[in-house]
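Take a look at the letters that make up each chain.
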Amino acid sequence: MDRKTESVSRPDGKKGVRAGRIYIRYAAAFGILTGLLLILTVWNINSGSIHISVRDILQILFQRQGEDAAYNIVWEIRLPRILAALILGGALSVSGFLLQTFFNNPIAGPFVLGISSGAKLIVSLVMIYMLEKAAVATSGHLIIAAFFGSMISMGFVLVIARKVRNMSMLVISGIMIGYICSAVTDFVITFADDSNIVNLHNWSMGSFSGISWDNVYLAAVVVLICMILTFLMSKPISAYQLGEAYAQNMGVNIRAFRVSLILLSSILSACVTAFAGPISFVGIAVPHLVKSLLKTAKPILVIPGCFLGGAVFCLLCDLIARTVFAPTELSISSVTAVFGAPVVIYIMIRRKRLMG
Amino acid sequence: MSEYVVRTKQMEVGYDGKPLIRNIEISLKPGEILTLIGPNGAGKSTILKSMTRQLKLIGGTVYLGNDIMSRMSGNEVARKLSVVMTERLRPEMMTCEDVVSTGRYPYTGTLGILTKEDRNKVREAMELVHTLEFKDRDFTAVSDGQRQRVLLARAICQEPEIIVLDEPASFLDIRHKLELLSVLKNMVLQKNTAVLMSLHELDLAQKVSDRVICVHGDKIEKYGEPEEIFSSEYIHELYGITTGSYNELFGCLEMQRPSGDPRVFVIGGNGKGIPVYRKLQRAGIPFAAGVLHRNDMDYEVAKVLASAVIPEEPFSPVSRENYEKAKLAMLSCEKVICCTDIFGPGNYKNRDLLTDAEKAGIPVVYSGQT
């Protein structure tokens, strides 16, 4: 990047200043996001039914010592939850960005296209089956189940996308698929009998609670691999932003590219759904906010930006979900919807104006 | 090394395995502009899409230089051939420079980061098509004409041997059509790039192309220099024109002539008649025009708009025979419009016609005289 700054600053000063400002903007945006991430992480650790001071937190985290109750709360409850919100929030918004690129539709996302709900359906079926067999569904089972669920919904969406070119129609179809999957899930949960069903119910509404270290480790590995692959695809994604024809002419292997895009976005969103249930609007709102913040859609910047932004967004929403009406917890989707839905409405209105 | 940049051999194109157009033999040398013309739906885009691998060939072969295109990798093709498509683009939050930069795609590394050389190429390309001054503006915020030039710059900085453009001038107003084709021609002269495009603008196609291909029915009907292709008869046939007409000399279109017996007699010449003919056509008044020399530009328009024209051979005085014919036609009209006040040995007889009209009591209106 340094190289870039240097050569754009040509003798004709003004352009150099402009280019310089752009890089300052990028740096500032990433600085702000990282800063928010740190602040929210600390804030999340210290707030809750038991308040833990920042000094104690630092002691517990870095020296691994402190009062037993506080130590356990931090290490066994709050920290995995925070890490989950961070990793899964990031994964979800990157997944949204990939879907928006794929469908060339700014309001596409894993939730509105019914992909999260498909994952939810298969995961609940697997969970209930396991409960009845008195076995425990491992993180691995959940991810695989969620991935299959995502792919089933994605299959339907792709079939519909071939028939309808209209962006709102696609989203409406996705929402319908989502409703069908949710209805079946509710049905299954209602008639499954087990004491653990309460947890299942919480999960099916979307929540970061009850996430174990085991879950966090697996999610971290899967998301990290997907993120690296996604980042390596920034170049073809940038070509694809000009549409399929141009991308193809630039030498992108369209078929392989489309398959990878679908697989990556499905794995990312499946990972989220497997552990935290369906979470609404993050996948649409965050990429949009990040692009507006960076003032560019260059994937090489937007992909890491989305990850950070998604992490910040979910940490904030989770903080609100568990503290505002404590001890009652809100579902994470209710909170993300409050912040995310207006952004979606804004995008649609603005699009309309541009098109009209 | 093949002398051709691109060459097709027995190419068959179409959709879903069904051939639309067969036996297409196109070849382009460096620095040549080849234009496809033909009615809507004739398959111009299909041919272009097949030659840029967006559509699978039904049969035959496309060679890029000496290589068979279908056997080349995406990147190899990208370094030799770039495109400007018809579809309107709406990329999100990309500046014009960002759009042009994507042209460097085949040359950059895994992450697509531009080197200094890449950025220079982008700058050069933008300069060549006069887009540098708005390089930092959002691509969706500039005018259609500017946008097409940006896309052309994108295609140029891909450093291809051939650029394929599908109806590049379609959304543009005349000023921008002219600008686009001028920068295109300029690029061809400077870079010796070959250009293959489809155009709807016949007048411009005639002037900008080195060779023209006419796509009609299921075949390439004609292939040659614009001078061979652009005859009024052939253009009428190619497009199936039944109302109105195309003029090969002016490259312009005229509306259909008013029907009925002539009600007005127009004495023209020297180009002064044309606006009067068109005015009468608009008003739906059938008219006769005379006596016009075949080398007078008025004759070109009169022959397609007037119900009757009394022509005279070039550079000769109006003959008695033609004078009598004109007089006969004039006497059955309600009105005479005289568009010229310049009379010489060639058209003294036209002045006699005016006197005849006055004698016969037909009102004479003088129009557009200087």
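Residues numbered from 1 in each chain as written. Chains lettered and ligands numbered in written order. Predicted model: local features only at pLDDT ≥ 70, side-chain atom pairs only at ≥ 80, totals over all residues. Heavy atoms only, no water.

Looking at the overall build of chain A
Within chain A, the secondary structure is distributed over 15 helices and zero strands. A globule of 356 residues ought to have a C-alpha radius of gyration of about 21 Å, and chain A, at 21 Å, matches this closely. Dimensions of chain A, computed from the C-alpha atoms along their principal axes, are close to 70 × 55 × 35 Å. Here chain A displays about 16,300 Å² of accessible surface, and carbon together with sulfur accounts for 68% of that area. Charge-centre separation for chain A: the mean point of 28 positive side chains lies 21 Å from the mean point of 15 negative side chains. (Helix = DSSP H or I, 4+ residues; strand = E, 2+ residues; numbered from the N terminus. Rg over C-alpha atoms; globule rule 2.2 N^0.38 Å. Areas by Shrake-Rupley, 256 points an atom, 1.4 Å probe, with all protein chains shown as cover. Lys, Arg positive; Asp, Glu negative; His and termini not counted. Charge placed at Lys NZ, Arg CZ, Asp CG, Glu CD.)

Notes on the overall build of chain B
A tally of regular secondary structure across chain B gives 13 helices and 18 strands. Its C-alpha atoms give chain B a radius of gyration of 27 Å, clearly above 21 Å, the size a compact globule of 370 residues would have. In terms of overall dimensions, chain B has a C-alpha envelope of 90 × 45 × 35 Å along the principal axes. Residues classed as buried in chain B amount to 53% of the 370 residues present. Taking all contacts inside chain B whose residues are at least 6 apart in sequence as the whole, residues at least 24 apart take part in 65%. Accessible surface computed for chain B: about 16,500 Å², of which carbon and sulfur atoms make up 50%. Treating the 47 positive side-chain charges of chain B as one cloud and the 50 negative ones as another, the clouds have centres 2 Å apart. (Buried < 20%, exposed > 50% of the residue type's maximum accessible area, 1.4 Å probe, protein only. Contact = heavy atoms within 4.5 Å.)

Re helix H12 (residues 320–331) of chain B
Residues and elements named next belong to chain B. The end-to-end C-alpha separation of H12 is 16 Å, in line with the 16 Å expected for 12 residues at 1.5 Å each. Buried residues of H12: Asn322, Tyr323, Ala326, Ala329 and Met330, and no others. Buried residues of H12, viewed axially, fall in a sector of 125°; they line one side. Turned more than 90 degrees from where H12 packs its buried face, Arg320, Glu321 and Leu328 sit exposed. Looking at the buried side of H12, the elements it contacts are strand S14 (264–267), strand S15 (287–293), strand S16 (308–312), strand S17 (335–338) and helix H13 (348–359). (Expected span 1.5 Å × (residues − 1). Arc of directions from axis to C-beta.)

Overview of helix H6 (residues 174–191) of chain B
The periodicity of an α-helix, 3.6 residues per turn, causes residues three or four positions apart to be oriented the same way. All names here are of chain B. End to end, H6 covers 25 Å across 18 residues, agreeing with the expected 26 Å (1.5 Å per residue, within 8%). All of the buried residues in H6 are His176, Lys177, Leu180, Leu181, Val183, Leu184, Met187 and Val188. With its buried residues spanning 155° around the axis, H6 presents them on a single face. For H6, the exposed residues lying more than 90 degrees away from the buried face are Ile174, Arg175, Leu189 and Gln190. Contacts made by the buried residues of H6 are with strand S4 (33–37), helix H4 (116–128), helix H5 (144–157), strand S8 (162–166), strand S9 (194–198) and helix H7 (202–208). Note on H6: the residue one or two positions beyond its end, asparagine 192, has a positive phi of about 60°.

Quick word on a negative patch on the surface
Residues and elements named next belong to chain B. A cluster of acidic side chains, namely Asp210, Glu225, Glu227 and Glu228, defines a negative patch on the protein surface. Its place among the elements puts glutamate 227 in helix H8 (residues 226–229). With relative accessibility at 65%, the residue glutamate 227 sits in the exposed group. (Patch = residues over 30% accessible without salt bridge, like charges linked within 9 Å, V, L, I, M, F, W, Y side chains within 5 Å. Salt bridge = Lys/Arg side-chain N within 4 Å of Asp/Glu carboxyl O.)

Re the sheet that holds S16 of chain B
Residue and element names in this part refer to chain B. If you trace the five strands from one edge of the open sheet to the other, you get S16-S15-S14-S17-S18, paired in parallel fashion. Where the open sheet ends on each side, the last strands, each with one partner, are S16 and strand S18 (364–366). Neighbour-to-neighbour, the strand axes of this sheet turn through a mean angle of 20°, independent of strand direction. Bridge count between S14 and S17: four bridges; the pairing is parallel. Each residue of the ladder has a partner; that of valine 264, found in S17, is lysine 335. Across the sheet, H12 lies against S14, S15, S16 and S17, angled at about 160° from S16, the strand it touches most. (Pairing = 2+ DSSP bridges. Axes fitted to C-alpha atoms, helices over the stretch in contact; angles between N-to-C directions.)

Topic: the packing of aromatic side chains
Counting across every chain of the model gives 10 aromatic pairs over all chains. Ring centres of tryptophan 213 of chain A and tyrosine 217 of chain A lie 5.7 Å apart, and the angle between their planes is 35°; on these two criteria the pair is classed as tilted. In this pair, tryptophan 213 of chain A and tyrosine 217 of chain A both sit in helix H9 (residues 213–232), four residues apart, roughly one turn of the helix. Among the residues examined, tryptophan 213 of chain A registers a relative accessible area of 18% and is labelled buried. Accessibility expressed as a relative area gives 53% for tyrosine 217 of chain A, which makes it exposed. Pairing tyrosine 240 of chain A with phenylalanine 257 of chain A gives two aromatic rings, centres 4.9 Å apart and planes at 45°, and the pair type is tilted. Of this pair, tyrosine 240 of chain A sits in helix H10 (residues 234–240) while phenylalanine 257 of chain A sits in helix H12 (residues 254–276), and the two are 17 residues apart along the sequence. Ring pairing ties together the aromatic residues Tyr71, Trp75, Trp213 and Tyr217 of chain A, which thus form one cluster. Above the face of the phenylalanine 139 of chain B ring, arginine 147 of chain B is positioned so that its terminal group lies 5.9 Å from the ring centre. Over the face of the ring belonging to tyrosine 234 of chain B we find lysine 222 of chain B, whose NZ or CZ atom lies 4.5 Å from the ring centre. (Phe/Tyr/Trp six-rings, centres within 6.5 Å; stacked < 30°, edge-to-face > 60°. Lys NZ or Arg CZ within 6 Å of the ring centre and 35° of its normal.)

Re the environment of arginine 211 of chain B
Residue and element names in this part refer to chain B. Inspection of the secondary structure assignment puts arginine 211 in strand S10 (residues 211–216). Apart from the residues within four sequence positions on either side, arginine 211 is in contact with Ser27, Glu32, Ile33, Leu34, Thr35, Tyr223, Gly224, Glu225 and Pro226. A distance of 3.0 Å separates a polar side-chain atom of arginine 211 from the backbone oxygen of serine 27. (Polar contact = N/O pair within 3.5 Å; in protein donor to acceptor, adjacent residues only side chain to side chain.)

Some remarks on the nonpolar core
Counting residues in each nonpolar core, the largest one holds 192 residues, and the members touching the most others are Leu88 and Phe208 of chain A together with Ile37, Ile47, Leu152 and Ile162 of chain B. At 19 residues, the largest contribution of residues to this core is made by helix H4 (residues 68–103) of chain A. With near-sequence residues (within four places) excluded, isoleucine 162 of chain B lies in contact with Val5, Val6, Leu28, Leu64, Lys80, Leu81, Ser82, Thr193, Ala194 and Leu196 of chain B. Counting 18 residues, the second largest nonpolar core, distinct from the first, contains Ala288, Ala326, Ala329 and Ala357 of chain B. (Core = buried A, V, L, I, M, F, W, Y, C linked by side-chain atoms within 4.5 Å.)

As for the interface of chain B and chain A
Between chain B and chain A, the contact holds 38 residues from the first and 33 residues from the second. Of the roughly 3,200 Å² buried where chain B meets chain A, counting both sides, 57% is carbon and sulfur surface. The interface formed by chain B and chain A contains two salt bridges. Of the charged contacts, one joins glutamate 92 of chain B and lysine 291 of chain A as a salt bridge, the two residues approaching to 2.9 Å between their closest N and O atoms. At the surface where chain B touches chain A, the tally comes to 11 residue pairs in polar contact (both at pLDDT 80 or more). Going through the elements one at a time, helix H2 (74–78), strand S7 (81–84), helix H3 (96–101), H4 and H5 of chain B are the ones with two or more residues in the side of chain B that touches chain A. For the side of chain B that touches chain A, the leading source of residues is S7 of chain B, giving four residues. Class assignment of the residues belonging to the side of chain B that touches chain A gives a composition of 15 nonpolar, 12 polar and 11 charged. (Buried area = accessible area lost by both parts, 1.4 Å probe. Nonpolar A, V, L, I, M, F, W, Y, C, P; charged D, E, K, R; others polar.)

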